[in-house]
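In case you want the letters, here they are:
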Amino acid sequence: MSDDAPSDINELFSRDPMKLTDADIDKIIMEFRKRRNIFNSNPAAAAAKPMSKKLTAKESAVSSLKIELDL
Amino acid sequence: MSLTAHKKSFDNGVQVVWDATSLDLASACPRKYFYRMIRGLRPKEASVHLLFGGIYASALEHFYKHRALGLSVNEALREVVREAMIASWDADAGLPKTFDDPKKTRIALLRTIIWYVEQFANETQDGLRTYHLTDGKPAVELSFSLEFAPSIVYCGHLDRVVQMGDELYVMDQKTTGGTVGPYYFNTFSPSNQMSGYAFAGQVILKSPVRGVIIDAAQIAVNYTRFERGITSRSKDQLEEWFASTVWSIQSFQYLSEMAGENEQKWPMNPTACTNYGGCEFRNLCSRSPKVRENFIKSDFVPHNWDPAVPR
């Protein structure tokens with residue numbers, strides 16, 4: 001599933017659509033309406049695809065260390 | 001003529017009922033027409049563009065049908081969202097269908113349907129309104145079948161006819177992953193599909209139809225952007241399209257009579273192989289003729305598109 005899905009409807013998209021209620025469908029519609037309003041309020045910003053942050057060598061080392069400590 | 005014996009659009013191996021799809025196939029490449037219409041093949045892996053575009057077009061067509069039957073915008077939208085959720089679900093696997101494209105995903109499909117309705121669904125007196133026939137019925141889902149000449153019937157389906165001021169237009173919707181601008185809309189003139197819509201519209205409605213209004217949806221990763229464009233057709237242009245279409249179809253029928261079901265007698269048009277993202281039969285045509293049948297068995301499935309079968 002695309003990561004542009006509103007997180008609280010991810011679950012609805014993973015369900016058998018035959019079992020979705022009218023309230024479930026309305027929730028999907030409302031979520032996309034909300035996203036459209038956000039897009040329309042600032043199309044340029046909303047359209048910009050978030051770039052994945054490339055970690056520096058130091059940040060990588062720190063995150064590796066943190067994982068080891070967590071373990 | 002065993003390959004086409006089951007198709008209503010064929011008579012003794014020659015296609016007599018045509019639509020824009022089969023006309024474009026034959027116009028683009030006779031070999032492509034042979035594989036699709038006579039052999040009845042399509043790639044085993046369904047095109048994501050056909051999957052996405054097909055569900056989207058059905059959703060909007062049904063939306064306007066529900067509206068014509070008296071449902072409110074919200075009720076009609078709920079119906080088509082449910083239909084699209086079901087159509088994009090693989091019930092056997094218990095999973096969403098595979099949309100193998102970074103932009104045309106299942107999420108983007110539902111977003112595009114909902115955003116389209118938000119942008120265009122509310123009709124106003126000074127904007128576009130669904131045209132009503134003389135019997136009062138809304139001009140939605142109009143199938144047509146016109147006899148162009150002896151042994152040539154041209155058929156198709158108008159989703160919706162609208163009125164803008166005093167002028168009539170056929171409505172159509174398109175989706176694209178690319179940018180929508182003047183260049184995009186220019187690709188619809190000339191176009192068999194659009195000219196056929198305008199021609200059929202004026203015959204069915206017995207009124208001049210100025211052209212086709214195209215609501216194009218640009219599908220991006222995080223958003224869908226809509227542009228509305230018009231491709232106009234004058235009376236002279238439609239007369240030219242009609243004469244040219246009859247002549248083209250007669251040429252294809254003559255080729256059918258000469259070539260029959262012999263693949264080698266259906267010439268390839270290599271200049272069309274890369275059009276529109278690449279022909280679905282390109283990999284097949286690039287194989288040696290001796291091994292081609294094996295690839296058909298492994299990579300293709302039956303696809304019996306028949307223009308004579310009503311939708």
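Student: Help me understand the pattern of salt bridges in this model?
Tutor: Side chains that differ in sign of charge can pair as their charged atoms come close. Tallied over the full model, the rule gives 16 salt bridges over all chains. For E11 of chain A, the salt bridge identified is with R15 of chain A, shortest N-O distance 3.1 Å. Judged by its relative accessible area of 29%, R15 of chain A is partly exposed. Measuring nitrogen to oxygen at the nearest pair gives 3.4 Å for the salt bridge that ties D172 of chain B to K174 of chain B. For the pair shown, D172 of chain B and K174 of chain B are each scored as buried.

Student: Where do I start with the pairing of strand 11 (residues 209-219) of chain B in this structure?
Tutor: Moving residue by residue along a regular strand, the side chains alternate between the two faces of the sheet. Residues and elements named next belong to chain B. With 10 of its 11 residues buried, strand 11 lies for the most part within the structure. For strand 10 (residues 167-176) and strand 11, the ladder comprises 9 bridges, and the chain directions are parallel. Note on strand 11: the bridge partner recorded for M171 is I213. Connecting strand 11 to the antiparallel partner strand 12 (residues 224-232) that follows it, the hairpin turn spans 4 residues.

Student: Just checking my understanding: could you explain the environment of S88 of chain B for this structure?
Tutor: All names here are of chain B. Tracing the backbone shows S88 in the loop between helix 4 (73-87) and strand 5 (89-90). A relative accessible area of 0% means that S88 is categorised as buried. When the C-alpha positions of S88 and L51 are compared, they lie 8.2 Å apart, and in sequence the two are 37 residues distant. In this structure the side chain of S88 is engaged in a polar contact, spanning 2.7 Å, whose partner is the backbone oxygen of A84.

Student: Looking at this structure, how should I read unusual backbone geometry?
Tutor: Excluding glycine, residues mostly have negative phi values, and the peptide bonds linking residues are mostly trans. Residues and elements named next belong to chain B. Of note, the bond from S189 into P190 is cis; its omega dihedral lies within 30 degrees of zero at 0°. Within the chain, N12 stands out as a residue other than glycine whose phi angle is a positive 55°. With respect to the helices, strands and loops of the structure, N12 is situated in the loop between strand 1 (10-11) and strand 2 (14-15). Non-glycine residue K206 carries a positive phi angle of around 55°. Position of K206 relative to the elements: it lies in the loop between helix 7 (192-205) and strand 11.

Rules of the game
- Residues numbered from 1 in each chain as written.
- Chains lettered and ligands numbered in written order.
- Predicted model: local features only at pLDDT ≥ 70, side-chain atom pairs only at ≥ 80, totals over all residues.
- Heavy atoms only, no water.
- Salt bridge = Lys/Arg side-chain N within 4 Å of Asp/Glu carboxyl O.
- Buried < 20%, exposed > 50% of the residue type's maximum accessible area, 1.4 Å probe, protein only.
- Helix = DSSP H or I, 4+ residues; strand = E, 2+ residues; numbered from the N terminus.
- Pairing = 2+ DSSP bridges.
- Polar contact = N/O pair within 3.5 Å; in protein donor to acceptor, adjacent residues only side chain to side chain.

Remember that the coordinates give geometry; whether it matters functionally is a separate question.
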